[in-house]
Amino acid sequence: MIAIIDYNAGNLRSIAKAVELYSKDVVVTNNPEIILSADKIILPGVGNFENAMANLSKEDYGGSLKDAICKSVNEVPFLGICLGMQLLMEKSEEGNGAKGLGVIKGNVIKFKDTVEKIPHMGWNNVEQVMDIPLFEGIKNNEYFYFVHSYHVNPTNKDVIAGVCEYGYKFPCVLNKNNIYATQFHPEKSGKAGLKMIENFIELI
Amino acid sequence: MLTKRIIPCLDIKEGRVVKGTNFVELKDAGDPVELSKIYNEQGADELVFLDITASYEKRDILIDLVERTAEQVFIPLTVGGGIRTVDDFRKILRAGADKISINTAAVKNPELIKNASEIFGSQCVVVAIDVKRNYIDKDKLESKELGDKNIIKIDNKYCWFEVYIYGGRKGTGIDAINWSKEVEELGAGEILLTSMDADGTKNGYDIPLTKSVSASVKLPVIASGGCGALEHVYDAFEYGKADAALMASILHYREYTIQEIKEYLLKKNIPVRL
């Protein structure tokens, strides 16, 4: 079963619909127990970092989503998307240095003022710097859809699998063991994005 | 490299796509879900649905439409029309929209921009600004009545850009450049800038308007209204400094495909996704 984590913000329908193209067994849930029993987990994301962490930390079911994620994140294939990528880091400049899940070392920073427009919004190339299963069948420098004002800044550069250039190069795909994360929205990136979701679903 | 976006706009009335001139004289232009699929295949970078007869009673039609589109089309979808509250935002985002465009509600209640961006993130708050040129006599340029208006000289005439609400029916006396800066401060993620003078005329985007707003904010600006030829799209990007171009009839009536528009732009060195 593939669990898509619902933390009461943003558009979950499009990620669910995209995943359902490749799997019949998809659940959109805010129940930590279901997340703990999932074979794969997707932490989607649009929204505000601090708000999202507050929602993940609520103890509605005798345990929080945050605890469930931290327990499962090293056990099964895990995909963080956009804000879901940023939440994996230790802290963010968005929301007065709010603390994240701390799964990957490093922080989330705002784009430097030198970039022309903020947010970075639209289709941009993803340069593959690591050979990971998520990129299978996707050509190097393919276009994906981005919309964000902050980006991750991992401490250990070995986790960077893809980069994108906007004013300067920033990490846009991370991979650490079974954990994957993308700054862009594969579920909104047409055929290439759907291929990436298919690749994630085929992970063992 | 970040590419310039081509965005088909589907004006929706009671579940059908319509197209008018200067915001009136509506004609039927097809089924929204079918058109969305076609534009997606042609390489549209995003889609915009504007429910131009939005009301609470008809909201269900829109939600159903968004749901059916989101099932089949995996590119960003912006939905606007009659959205007034954070709860409206939530419902339409849940139905599968990625961004919500607000216009009248933003002017009447600017806090909505702030509240929605704090909950859902700036990226999904698009502020749509409908604008009409307001010409002034040269001898009145020093008039105190003009207050903080930004006066622009176009073809030896002077005007300022006035924000209109209620689907272009009511002037607000607000200067569009000042309003753009204010919505940026409040947390908007993007500006959808429509020239009412140009809308439906197919004479080209209002370049001075687009350029003035784009230069005043860091937010991405979508140029809208007046697209009738390939050069118009080029002008919006090259001279208007727009980040995206919205278009309707040129696509709905199959004058050009998105592919053709993009091939043209690429030849003229405008970065687009092909």
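As the structure is a computational prediction, the values presented were derived from the model and not from experiment. (Residues numbered from 1 in each chain as written. Chains lettered and ligands numbered in written order. Predicted model: local features only at pLDDT ≥ 70, side-chain atom pairs only at ≥ 80, totals over all residues. Heavy atoms only, no water.)

A. Spatial organisation of the UniProt feature "active site" (unreviewed entry) in chain A. All names here are of chain A. Per the UniProt record, the feature "active site" (unreviewed entry) sits at Cys82, His185 and Glu187. Look at the named residues: they lie 106 residues apart in sequence, but the longest C-alpha span between them is just 10.8 Å, so in the fold they bunch up. Looking only at the residues we just named, the second largest pocket is lined by Cys82. Inspection of the secondary structure assignment puts His185 in the loop between strand S12 (179–182) and helix H6 (190–201). Aside from chain neighbours lying at most four places away, what touches His185 is Gly45, Val46, Ile81, Cys82, Tyr145 and Val147. With relative accessibility at 5%, the residue Glu187 sits in the buried group. (UniProt positions renumbered as here; feature names shortened; annotations may be inferred. 1 Å grid on protein atoms, 1.4 Å probe; cavity = no way out; pocket = protein on both sides within 12 Å on 5 of 7 lines; lining within 4 Å. Helix = DSSP H or I, 4+ residues; strand = E, 2+ residues; numbered from the N terminus. Contact = heavy atoms within 4.5 Å. Buried < 20%, exposed > 50% of the residue type's maximum accessible area, 1.4 Å probe, protein only.)

B. Looking closely at the pairing of strand S5 (residues 77–80) of chain B. Residues and elements named next belong to chain B. Along S5, one buried face is formed by Leu77 and Val79 and the opposite face, lined by Thr78 and Gly80, is buried too. With four bridges joining them, strand S4 (residues 47–51) and S5 adopt parallel strand pairing. Considered in S5, the bridge of Val48 is made with Thr78. With three bridges connecting them, S5 and strand S6 (residues 99–102) associate as parallel partners. Considered in S6, the bridge of Thr78 is made with Lys99. For the handedness criterion, the β-α-β arrangement of S5, helix H3 (residues 86–95) and S6 is classed as right-handed. (Pairing = 2+ DSSP bridges. Right-handed = clockwise from strand over helix to strand, strands pointing away.)

C. Layout of the nonpolar core. Judged by nonpolar contacts, the single largest core of 84 residues is most densely connected at Ile102, Ile113, Met247 and Leu265 of chain B. Leave out the neighbours within four places in its chain, and Ile102 of chain B touches Ile83, Phe89, Leu112, Ile113, Val125, Val126, Val127 and Ala128 of chain B. (Core = buried A, V, L, I, M, F, W, Y, C linked by side-chain atoms within 4.5 Å.)

D. Geometry of the layout of surface pockets. Reported here for the second largest pocket is a volume of approximately 600 Å³. Broken down by secondary-structure element, the contributors of at least two residues to the lining of the second largest pocket are helix H5 (83–86) and strand S8 (142–148) of chain A together with helix H5 (111–120) and helix H6 (176–186) of chain B. Grouping the constituent residues of the lining of the second largest pocket by class yields ten nonpolar, ten polar and eight charged. (Points joined across faces, edges and corners; volume = space filled by probe spheres on them. Nonpolar A, V, L, I, M, F, W, Y, C, P; charged D, E, K, R; others polar.)

E. The arrangement of helix H3 (residues 49–57) of chain A in detail. Residue and element names in this part refer to chain A. Residues of H3 that are buried: Phe49, Ala52, Met53, Asn55 and Leu56. Taken down its axis, H3 places every buried residue within 160 degrees of arc, on the same side. At the N-terminal end of H3, a side-chain oxygen is found 3.0 Å from the backbone nitrogen of Glu50, two or three residues along, and the residue is Asn48. (Arc of directions from axis to C-beta. Polar contact = N/O pair within 3.5 Å; in protein donor to acceptor, adjacent residues only side chain to side chain.)

F. How the structure looks around the sheet that holds strand S6 (residues 106–110) of chain A. Taken together, three strands build an open sheet; the order of strands is S5-S6-S9 (chain A) and the sheet is mixed. Unpaired on one side and paired on the other, strand S5 (91–92) and strand S9 (150–154) of chain A mark the two borders of the sheet.

G. Examining the packing of helix H8 (residues 230–238) of chain B against helix H10 (residues 258–267) of chain B more closely. Residue and element names in this part refer to chain B. Relative to each other, H8 and H10 sit at 55 degrees, their axes nearing to 10 Å. Compared by their axis directions, H8 and H10 come out oblique. Of the two possible hands of crossing, H8 and H10 adopt the one that is right-handed. Residues Leu230, Glu231, Val233, Tyr234 and Phe237 of H8 touch H10, and the partners they reach there are Ile261, Tyr264 and Leu265. In terms of residue class, the contact of H8 with H10 is made up of seven nonpolar, no polar and one charged. (Axes fitted to C-alpha atoms, helices over the stretch in contact; angles between N-to-C directions. Parallel < 35°, antiparallel > 145°, perpendicular 65-115°, else oblique. Left-handed = near helix turned anticlockwise from the far one by under 90°.)

H. Molecular detail of the side chain of Lys149 of chain B. All names here are of chain B. Its place among the elements puts Lys149 in the loop between strand S7 (125–136) and strand S8 (152–154). The side chain of Lys149 is buried and forms no salt bridge, while Asp148, the nearest opposite charge, is found at 4.2 Å. The residues contacting Lys149, other than those within four sequence positions of it, are Trp160, Gly173 and Asp175. (Lys, Arg positive; Asp, Glu negative; His and termini not counted. Salt bridge = Lys/Arg side-chain N within 4 Å of Asp/Glu carboxyl O.)

I. Highlighting the packing of aromatic side chains. By the definition in use, this model includes nine aromatic pairs over all chains. Residues Phe111 of chain A and Phe170 of chain A carry aromatic rings whose centres are separated by 5.2 Å and whose planes lie at 90 degrees to one another, so their mutual orientation is edge-to-face. Residue Phe111 of chain A is located in the loop between S6 and strand S7 (120–128), and its partner Phe170 of chain A is located in strand S11 (residues 168–176); the two are separated by 59 residues in the primary sequence. Owing to a relative accessible area of 2%, Phe111 of chain A belongs among the buried residues under this scheme. The exposure class assigned to Phe170 of chain A is buried, which follows from its relative accessible area of 1%. Aromatic ring contacts, followed pair by pair, group Phe111, Phe144, Phe146, Tyr166, Tyr168, Phe170 and Phe184 of chain A into a single cluster. The lysine or arginine in question, Lys157 of chain B, covers the ring of Tyr135 of chain B, its NZ or CZ lying 5.0 Å from the ring centre. (Phe/Tyr/Trp six-rings, centres within 6.5 Å; stacked < 30°, edge-to-face > 60°. Lys NZ or Arg CZ within 6 Å of the ring centre and 35° of its normal.)

J. Structural view of the UniProt feature "active site" (unreviewed entry) in chain B. All names here are of chain B. Under the present numbering, the feature "active site" (unreviewed entry) in UniProt falls on Asp11 and Asp130. A maximum C-alpha distance of 14.5 Å among these annotated residues, which run over 120 residues, shows that they cluster at one spot. Here Asp11 lies in strand S1 (residues 5–13). Residues in contact with Asp11, not counting those within four places in the same chain, are Arg16, Val17, Val18, Lys19, Leu50 and Ile52. With respect to the element layout, Asp130 can be found in strand S7. Judged by relative accessible area, Asp130 falls into the buried class, the value being 6%. Side-chain polar atoms of Asp130 contact the side chain of Asn103, separated by 3.0 Å.

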